[in-house]
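So the chains spell out like this:
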Amino acid sequence: MKKKLFGLGTAALLAVGLAACGNDEGDSTSSGDADTKSVGEAVDYKITGIDPGAGIMEATDKAITEYELDKWDVTTGSSAAMTAALKKAYDKEEPIIVTGWTPHWKFAKFDLKYLEDPKGVYGGEEQIQTIGRLGLAEDLPEAYEVLSNFHWTEADMGEVMVAIQEGEKEEVAAQNWVDANADKVAEWTDGVAQVDGEKIKLAYVAWDSEIASHNVAKIVLESVGYDVTLTQVEAGPLWTAVADGSADASLAAWLPVTHKTYADKFDGQFEVLGTNMEGVKIGLVVPQYMDIDSIEDLK
């Protein structure tokens, strides 16, 4: 079990050095002052984020303002870079704050926690919704039906994500899950007629969760005869592609908070096919060994 870095009450100070203990039981002094830093100082006032187009980054910028974290910056990068930084800090039991979301394999790999968000900047539970271009039901009715039926759990997705994270190829991990869950897949394809190589393009963001869902959806659509192309883009281009019809659909619409800006921008230019997962969440995440519980403590 990871040892806990104890803080100093509401100021949420992290002790990064240990004071020497006095020899006498009643001696309240020590041979040296403890070298302490605030949470901000310990992490250089840095929150480790992901790609700049992600909705969670917009929410984090809003959190900086709402919580008056004037000294703080959010670094941009990728999901992979964020988890690499998290692993490096975690292995050394060093403090780190990252943008996080569930489902994600890092919660199975590391002992983590969300910081409380009393102002509700990150919202509550979200849904991952499947969206499609206008006219999809008429042009590709069989795909429309499969994608509308697609619904799975965090545990389902977690199996695929962890397999990929441990080195399995994306398509192999997805195929293994499909093979092991034939009954669930049959519910998605029940009554769907076979097609003859019709092309369909799915757009997704490079989050581990969406890599898992889109690779599974690709295999399922191929099983009913579709020629499926997966296109990885950032969130803005994803919504633009569905809205202008250059992509047919996406299973990566996180609503109502994460992708609210894009949903509002393209209102009326896309169709919601259904919810493919409930109970998802976004926010700021830290290792359990950090003695900090709320975003307010960052001040």
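For clarity, every value in this text was computed on a predicted model and none was experimentally measured.

Novice: Can you break down the overall build of the protein residue by residue, with the values?
Specialist: Each helix and strand in the protein was counted, giving twelve helices and eleven strands. Out of the 299 residues in the protein, the part that is buried amounts to 48%. Accessible area for the protein stands at about 14,000 Å²; split by element, carbon and sulfur atoms hold 46% of it.

Novice: Got a sec to walk through the environment of Glu278? Specific residues and values, please.
Specialist: Position of Glu278 relative to the elements: it lies in strand E11 (residues 270-287). In this structure, the C-alpha to C-alpha distance between Glu278 and Glu154, residues 124 residues apart in sequence, is 8.4 Å. The residues touching Glu278, leaving out its near neighbours within four places in the chain, are Glu126, Gln127 and His151. Within polar-contact distance, the side chain of Glu278 engages the side chain of His151 at 2.8 Å.

Novice: Hey, could you go over unusual backbone geometry for me, with residue numbers and the actual values?
Specialist: Here Thr102 and Pro103 are connected by a cis peptide whose omega angle stands at 15°. Mapped onto the fold, Pro103 is located in the loop between strand E5 (98-102) and helix H4 (106-109). Cis peptide bonds are those with omega within 30 degrees of zero, and the linkage from Leu255 to Pro256 qualifies with 15°. Relative to the elements of secondary structure, Pro256 occurs in the loop between strand E10 (249-255) and helix H12 (260-265). Positive phi outside glycine occurs at Asp44, with the angle close to 55°. When you line up the elements, Asp44 lands in the loop between helix H1 (39-42) and strand E3 (46-48). Looking at Asp44, the relative accessible area reads 63%, which means it is exposed. With a phi angle near 55°, Glu68 is a residue other than glycine that sits in the positive phi range. Residue position: Glu68 is located in the loop between helix H2 (55-66) and strand E4 (73-75).

Novice: With reference to specific residues and values, describe the nonpolar core.
Specialist: Counting residues in hydrophobic clusters, the biggest one holds 95 residues, and the most contacted among them are Ile97, Trp152, Val216, Trp239 and Leu298. Contacts of Val216, omitting those with residues within four sequence positions, involve Phe150, Trp152, Val160, Ala174, Trp177, Val178 and Trp188.

Novice: Run through the packing of helix H9 (residues 182-189) against helix H10 (residues 208-223), naming residues and quoting values.
Specialist: Two elements in contact, H9 and H10, have axes whose closest approach is 11 Å; the angle formed by their N-to-C orientations is 65°. Between H9 and H10 lies a crossing of right-handed hand. Across the interface between the two elements, Val185, Trp188 and Thr189 of H9 pack against Val216, Val220 and Ser223 of H10. Looking at the contact of H9 with H10 residue by residue, the class counts come to four nonpolar, two polar and no charged.

Novice: Which residues make up the packing of aromatic side chains, and what values do they have?
Specialist: The tally for this structure, following the rule as stated, stands at twelve aromatic pairs. Here the aromatic rings of Tyr90 and Tyr289 are separated by 5.7 Å at their centres, their planes lie at 45°, and the arrangement is tilted. Linking Tyr90 in helix H3 (residues 79-91) with Tyr289 in the segment after E11, this pair joins segments that are 199 residues apart in sequence. For the pair Tyr90 and Tyr289, one class covers both residues: buried. Where Trp152 meets Trp177, the ring centres are 5.2 Å apart and the plane angle is 85°; that geometry is what we call edge-to-face. Taken together, the residues Trp152 in the loop between helix H6 (141-149) and helix H7 (154-165) and Trp177 in helix H8 (residues 170-180) connect sequence positions 25 residues apart. Aromatic rings pair up to connect Tyr90, Trp105, Phe110 and Tyr289 into one cluster. Sitting over the ring of Trp101, Lys106 keeps its end group 4.4 Å from the ring centre. When the ring centre of Tyr114 is taken as origin, the NZ or CZ atom of Lys281, which lies over that ring, is 4.8 Å away.

Calculation notes
Residues numbered from 1 in each chain as written. Predicted model: local features only at pLDDT ≥ 70, side-chain atom pairs only at ≥ 80, totals over all residues. Heavy atoms only, no water. Helix = DSSP H or I, 4+ residues; strand = E, 2+ residues; numbered from the N terminus. Buried < 20%, exposed > 50% of the residue type's maximum accessible area, 1.4 Å probe, protein only. Areas by Shrake-Rupley, 256 points an atom, 1.4 Å probe, with all protein chains shown as cover. Contact = heavy atoms within 4.5 Å. Polar contact = N/O pair within 3.5 Å; in protein donor to acceptor, adjacent residues only side chain to side chain. Core = buried A, V, L, I, M, F, W, Y, C linked by side-chain atoms within 4.5 Å. Axes fitted to C-alpha atoms, helices over the stretch in contact; angles between N-to-C directions. Left-handed = near helix turned anticlockwise from the far one by under 90°. Nonpolar A, V, L, I, M, F, W, Y, C, P; charged D, E, K, R; others polar. Phe/Tyr/Trp six-rings, centres within 6.5 Å; stacked < 30°, edge-to-face > 60°. Lys NZ or Arg CZ within 6 Å of the ring centre and 35° of its normal.

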